[in-house]
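Given next are the chains, with one letter for each unit.
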Amino acid sequence: MTPRPRVVVIDDSTLVREAFGLVHPGVEVVGAWPTIEPLLEQRPSADLVVLDLHLVADDPDVRQGTAAIGAVSAAGYRICLYTDESRPLVLARCLQAGAQGLVRKSAPSAVAEADFREAAAGGAVLPPSLLSLTELLDRRGGLPELTERQRQVLSARARGERWASIAQRLFITERVAREHMEAVSNKLSRCLRDASPADLERMLGTGPGDLVD
């Protein structure tokens, strides 16, 4: 039996923290706090940090958004955001800051748990909005290193095609399809890492003012 990944939950909702392990029995919750500070002080061994993007928004002393992502990433943790944020530039900045993926709070529990396990194992977990963003960056020349096969998998996932269907249609295994998507995610992260807000706006064809700090 595959061992359950060890997960830390950072969310300012008491209900989310207390119920996470019950709702997602396929993961082992090794820590749950409303802010990132206890995590950075105690440094538990974990495969994944599930991080709410917006934490206690009315408290200026609480690190949240990209500041929290950057601090947790610098501590050596893989991060999967747990949020319903959908603004493309905000999500791009989150990936730029060090998040490896994103799961919607509105997603069915079984789907969310599968994505958490995928992220904990090192896979790419990107919602349709981020996949569409990646496609847009590719079309605008922001991801020149993508192979044709990677573009095929990206396009299929952006349209909601299941892994089994992609594998069958492209005559590859599901594992290989997931590896192509992980490569796309890694290239996207490298593209975003050194991009300024102005670079993102230019690549996406949008105006200023849609970023988080």
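Residues numbered from 1 in each chain as written. Predicted model: local features only at pLDDT ≥ 70, side-chain atom pairs only at ≥ 80, totals over all residues. Heavy atoms only, no water.

- The name that an unreviewed UniProt entry assigns to the chain is DNA-binding response regulator, with the source organism given as Raineyella fluvialis.

With respect to the domain arrangement of the chain
- Per the domain assignment, the segments of the chain are domain 1 (6–121) and domain 2 (128–204).
- On a C-alpha basis, the centres of domain 1 and domain 2 stand 22 Å from each other.
- With 12 residues of domain 1 at the interface, the matching set in domain 2 holds 14 residues.
- Summed over both partners, the interface of domain 1 with domain 2 comes to about 1000 Å²; 67% of that surface belongs to carbon and sulfur atoms.
- Ranking the residues of domain 1 by area buried against domain 2 places Leu 89, Leu 95 and Gln 96 at the top, with a combined share of 48%.
- Seen at the junction of domain 1 and domain 2, the total is 1 salt bridge.
- Close ionic contact of Glu 118 with Arg 178 constitutes a salt bridge, the shortest N to O distance being 2.8 Å.
- Where domain 1 meets domain 2, there are 1 residue pair in polar contact (both at pLDDT 80 or more).
- The residue inventory of the side of domain 1 that touches domain 2, partitioned by class, reads 6 nonpolar, 3 polar and 3 charged. (Domains from an automatic or database assignment. Contact = heavy atoms within 4.5 Å. Buried area = accessible area lost by both parts, 1.4 Å probe. Salt bridge = Lys/Arg side-chain N within 4 Å of Asp/Glu carboxyl O. Polar contact = N/O pair within 3.5 Å; in protein donor to acceptor, adjacent residues only side chain to side chain. Nonpolar A, V, L, I, M, F, W, Y, C, P; charged D, E, K, R; others polar.)

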